[in-house]
Amino acid sequence: MSDLVQLTTDNGIAIITINNPPVNALSPGVPEGIAESIEKINQDPSIQAAVLIGGGRTFIAGADIKEFGKITSGKNAGTLDLPTVLLRIEDSRKPVVMAIHGTAFGGGLEVAMAGHYRVATPGAQVGQPEVKLGIIPGAAGTQRLPRLAGIAAAVEMCAGGNPIKTEEAAKLGIVDRLIEGDLLKGAIAFAREIAGKSAPKTRDRNEKLGTPEQNAPIFAAARDAARKKQRGMMAPQAAIEAVEAATKQSFEEGCKTERELFMDCLFSDQSKAMIHVFFGDREVAKIPDIPKETQLIPVNRAAVVGAGTMGGGITMVFANAGIPVLMKETDQAALDRGMNNIRKNYETSVKRGRFTQQFVDERLKLITPTLTYDGFENADMVTEAAFEGMALKKQIFGELDRVCKPGAILASNTSTLNIDEIASATSRPQNVIGTHYFSPANVMRLLEIVRGKATSKEVIATCMNLSKKLGKVGVLVGNCRGFVGNRMFHPYVRESVFLVEEGASVEAVDSALYDFGMAMGPLAVGDLAGLDVGWRIRKEYRHLEKPGIRVAMAGDNLCEMGRYGQKTGAGWYKYDENRRATNDPEVATLVKKWATEAGIKQRQISPEEIVDRCVYALVNEGARILEEGYALRAVDIDIIYINGYGFPVYRGGPMWYADAVGLKKVYDRVREFEQQHGELWEPAPLLKQLAEQGKTFADFNKQHTATA
Ligand code: 3HC
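Rules and cut-offs
- Residues numbered from 1 in each chain as written.
- Predicted model: local features only at pLDDT ≥ 70, side-chain atom pairs only at ≥ 80, totals over all residues.
- Heavy atoms only, no water.
- Near = heavy atom within 4 Å.
- Polar contact = N/O pair within 3.5 Å; in protein donor to acceptor, adjacent residues only side chain to side chain.
- Areas by Shrake-Rupley, 256 points an atom, 1.4 Å probe, with all protein chains shown as cover.
- Helix = DSSP H or I, 4+ residues; strand = E, 2+ residues; numbered from the N terminus.
- Nonpolar A, V, L, I, M, F, W, Y, C, P; charged D, E, K, R; others polar.
- Core = buried A, V, L, I, M, F, W, Y, C linked by side-chain atoms within 4.5 Å.
- Buried < 20%, exposed > 50% of the residue type's maximum accessible area, 1.4 Å probe, protein only.
- Domains from an automatic or database assignment.
- Contact = heavy atoms within 4.5 Å.
- Pairing = 2+ DSSP bridges.
- Patch = residues over 30% accessible without salt bridge, like charges linked within 9 Å, V, L, I, M, F, W, Y side chains within 5 Å.
- Salt bridge = Lys/Arg side-chain N within 4 Å of Asp/Glu carboxyl O.
- Lys, Arg positive; Asp, Glu negative; His and termini not counted.
- Charge placed at Lys NZ, Arg CZ, Asp CG, Glu CD.
- Axes fitted to C-alpha atoms, helices over the stretch in contact; angles between N-to-C directions.
- Phe/Tyr/Trp six-rings, centres within 6.5 Å; stacked < 30°, edge-to-face > 60°.
- Lys NZ or Arg CZ within 6 Å of the ring centre and 35° of its normal.
- Parallel < 35°, antiparallel > 145°, perpendicular 65-115°, else oblique.
- Left-handed = near helix turned anticlockwise from the far one by under 90°.

Q: Explain the site of the ligand to me, and be specific about the residues and the numbers.
A: Around the ligand sit 26 residues, and of these R57, G107, E110, E130 and R282 come closest. For the ligand, an oxygen atom lies 2.8 Å from a polar atom in the backbone of G107. Taking G138, its main chain carries an N or O atom lying 3.0 Å from an oxygen atom of the ligand. When the ligand sits alone it has 990 Å² of accessible area, and the protein chains cover 76% of it. Elements with a minimum of two residues in the shell around the ligand: α2 (65–72), β5 (103–105), α4 (107–114) and α12 (269–283). Across the shell around the ligand, the residue classes break down as 13 nonpolar, five polar and eight charged.

Take a look at the structure:
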């Protein structure tokens, strides 16, 4: 018997325990161990029924995701095939009770559904999250779940991928009984109750499969919702098709259909990209020179300087995590405005069902607005979110240095300024760090954590750890201008403006990138964020521009006309009072005039060129950042772009995308652009090197782990 599965007995009840920490994934050896246990139980006349349970903190969290890469690369033909093991469980003459705690996800729920009964602890979770990995359930989940929960719930769970609590699972019929207290004891007692009675096989239960008339609108609505909410992804549509097969085919045929769809998804570029993102989400938390055991600084009280859009959002982030937080402004009117915005924001969340009124009331009690630094001496962490200006930031950090207790973390939300210079205003640069939130701070998942020269390991480890508690994905970056995200965004936006100046319409540029999968086109993003933001920064840094290098002018010219974007009713687009955009023919006329005056030739530009120009501009800058060590690994850049810049998850992030296209191809295209457009397109040395060696950015990960 495999070490991963133990078989014991308790007075006629067999107990099968899966012990494959940390999440009891169905790694090679686990399905085999389960199959062997079932066989033994059926041969042992003293056994009346069995309980299958997960050791440690959870039931089975699914197939072992690491194995998928081995299968698609041909290194593993697949372990004993899971659907067959599940049939053996279901065919067992002794009834099997599945005891669920923690998470029964993916293959875990599929195992559970092959049992004859399911009991669970309240508050545990069950789900078919496969679509989040670009695949669909592959062990009859799309066939057994509708038989237990009905079509509507099965479609939602398989196509949406979100888990449900066991309380709801009990209502739906997935779970037969909730057990308070000791789960194993309760499950054994349950097994004694049902021992000797007929054991229902899920695959024979057809009563919830509905009629074609009932089902057609469910499938149509699900397909429509998936097209909108999971735009561009193939797995959700495949999951719906597989559940539909359960309503039209026998169980056996439905399983075959599911397997074909599963394999199509598994071998797709989308699933490879999404699996990369799954592991990337976890990889970014690992900092090579900061050991796991690094002492963390407890953050039980926080303070925020600034009650503007970012300050208010960051205050909410702390409050939402249950951490009491002071929010400081310099004058009463600004403070009141900040608090009102927070209240309004929470009201909207209640209206949309994101939070309950009670949750919001409790969070508001955690926020203390203030005009002074009183109370800052108790804060474990202070986040400065004042206007972007070095003099002001240094003044604030000087004051924080005076009022804060020794050891308090002093963080700046700067998006561009030098953390070391900010830290120099204090006597404790080791406690100073950048925590760069993305707007709206209470919604966007990304948190760039900027490491200064002197920032201590404890402070970095605490911020990385805290980001998870705050509901963020923290990515450690080095201290360069624009850090990682904005530094790459600059050439991306620059190319989008160049393309318009060269004759592409504003809509053509935005829709090419939207169709590529970006959440929004770059020009629409500019209008949303305010074109004046970049314009002001560019004016400040104009002296750093190299003479003779082309500068994107159209956006700045629009600002000179007062067209700042949504907030002024016009930018690249025109906006009505509800901020709905329409195309503005005046922009096309103006840009054409400016381009002609500047001697820029107008031409037809294809969507492919638009995508290559903008996305390869991201990649080329990303390669420089990686080589310079401002990002630890290519995957860190990918996670930043997916969580902070609307890059499509199913393309795996810009660096993964470039690897998938092939770096030789990307490099050749960059060289072509260099010949056409000049030195702004000079290929990054790392891109050139890897392309020539036939390597990928992912290969570079394994060799370099230094940060700036
Ligand atoms: N396979 C392999 N490794 C897994 C895994 C899995 N299914 N689930 C988690 N892990 C690993 C993580 O990579 C992480 O490794 P690390 O410590 O080396 O970074 C470790 O287990 C702990 O995971 P988390 O950090 O995510 O732990 P949490 O406690 O925060 O979350 C969880 C636990 C909710 C189970 C979460 O890990 C999760 O959602 N896992 C994925 C579940 C999933 O997608 N299951 C479906 C798999 S596909 C499938 O089953 C196909 C089937 O239909 C045939």
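Let us keep going from here.
Q: Account for the nonpolar core, with residues named and values stated.
A: Core analysis: the largest hydrophobic core is formed by 98 residues, its most contacted members being V382, L400, L513, W572, Y616, L687 and F697. Element by element, the count of residues in this core is highest for helix α25 (residues 607–628), at eleven residues. Residues lining this core come from more than one domain, with at least three contributed by each of domain 2 (302–477) and domain 3 (485–707). The residues contacting L400, other than those within four sequence positions of it, are V305, Y373, F376, V382, L410 and R428. Counting residues in each nonpolar core, the second largest holds 67 residues, with I89, V111, F219 and V243 among its members.

Q: Tell me about the pairing of strand β6 (residues 117–120), and name the residues and values.
A: Here β6 shows no split at all, with Y117 and V119 on one side and R118 and A120 on the other all buried. Strand direction decides the pairing type here: strand β4 (residues 96–100) and β6, joined by four bridges, are parallel. Residue pairing across strands places A99 opposite V119, the latter belonging to β6. The pairing of β6 with strand β9 (residues 177–178) spans two bridges and is classified as parallel. Among the inter-strand pairings, V119 is bridged to a residue of β9, identified as R177.

Q: Explain a positive patch on the surface to me, using residue names and the numbers behind them.
A: On the surface, a cluster of positive charge is contributed by R57, R282, K286, K292 and K468. Within the secondary structure, K286 is located in the loop between α12 and β10 (302–305).

Q: Lay out the sheet that holds strand β8 (residues 164–165) with the relevant residues and their values.
A: Judged by pairing direction, the sheet is mixed, and its three strands sit side by side in the order β5-β7-β8 without closing on themselves. The outermost strands of the open sheet, each flanked by one partner alone, are β5 and β8. Sitting on the sheet, α4 touches β5 and β7 (125–127), and the angle it makes with β5 is about 90 degrees.

Q: So what's going on with the side chain of N42? Which residues, and what values?
A: Along the chain, N42 turns up in helix α1 (residues 30–43). The residues touching N42, leaving out its near neighbours within four places in the chain, are S92, R93 and K94.

Q: Which residues make up the sheet that holds strand β16 (residues 446–450), and what are the values?
A: Remark on secondary structure: sheet strands pair via backbone hydrogen bonds, oriented parallel or antiparallel. Strand order in the open sheet formed by eight strands is β12-β11-β10-β13-β14-β15-β16-β17, with mixed pairing between adjacent strands. With partners counted over all chains shown, the strands left at the sheet margins are β12 (367–370) and β17 (473–477), one partner each. Each neighbouring strand pair of the sheet contributes to a mean axis angle of 25 degrees, computed without reference to strand direction. Relative to strand β15 (residues 432–437), strand β14 (residues 409–412) is paired through three bridges, and the arrangement is parallel. For L410, the partnering residue across the bridge sits in β15 and is V432. Helix α13 (residues 309–320) contacts β10, β11 (325–328), β12, β13 (381–384) and β15 of the sheet and is inclined by roughly 170 degrees relative to β11.

Q: Describe the side chain of N479, and please don't skip the residues or the numbers.
A: Here N479 shows up in the loop between β17 and α19 (485–501). Relative accessible area serves as the criterion here: at 16%, N479 is assigned to the buried category. At 2.8 Å, the side chain of N479 and the side chain of N418 are in polar contact. A distance of 3.3 Å separates the side chain of N479 from the backbone nitrogen of I419, its partner in a polar contact.

Q: Lay out the packing of aromatic side chains in plain terms, naming residues and giving numbers.
A: Counted under the stated rule, the structure contains 14 aromatic pairs. Centroid distance Y346 to F355: 6.2 Å. Interplanar angle 55 degrees. Geometry classified as tilted. A ring pair is formed by F516 and Y657, whose centres lie 5.1 Å apart and whose planes are at 85 degrees; its orientation type is edge-to-face. Note that F516 is positioned in helix α20 (residues 506–516) and Y657 in helix α27 (residues 654–661), a separation of 141 residues in sequence. Accessibility classification places F516 together with Y657 in one group, the buried group. It is R231 that lies over the ring of Y514; its NZ or CZ is 3.4 Å from the centre. Taking NZ or CZ as reference, K328 lies 4.6 Å from the ring centre of Y373, over its face.

Q: Outline the domain arrangement of the protein, supporting the account with residue identities and numerical values.
A: Frequently, the measure chosen for interface size is the accessible area removed from exposure when the parts meet. In terms of domain boundaries, the protein breaks down into domain 1 (5–267), domain 2 (302–477) and domain 3 (485–707). The C-alpha-based centres of domain 1 and domain 3 are spaced at 44 Å.

Q: Residue-level account of the packing of α1 against helix α3 (residues 82–90), with values.
A: Orientation of α1 relative to α3, taken along the N-to-C sense of each, is 25 degrees, at an axis distance of 10 Å. One way to sum up the angle between α1 and α3 is to call them roughly parallel. In the packing of α1 onto α3, the handedness of the crossing is left-handed. Facing P31, I34, A35 and I38 of α1, the residues of α3 in contact are L82, V85, R88 and I89. Residue composition of the contact of α1 with α3, by class: seven nonpolar, no polar and one charged.

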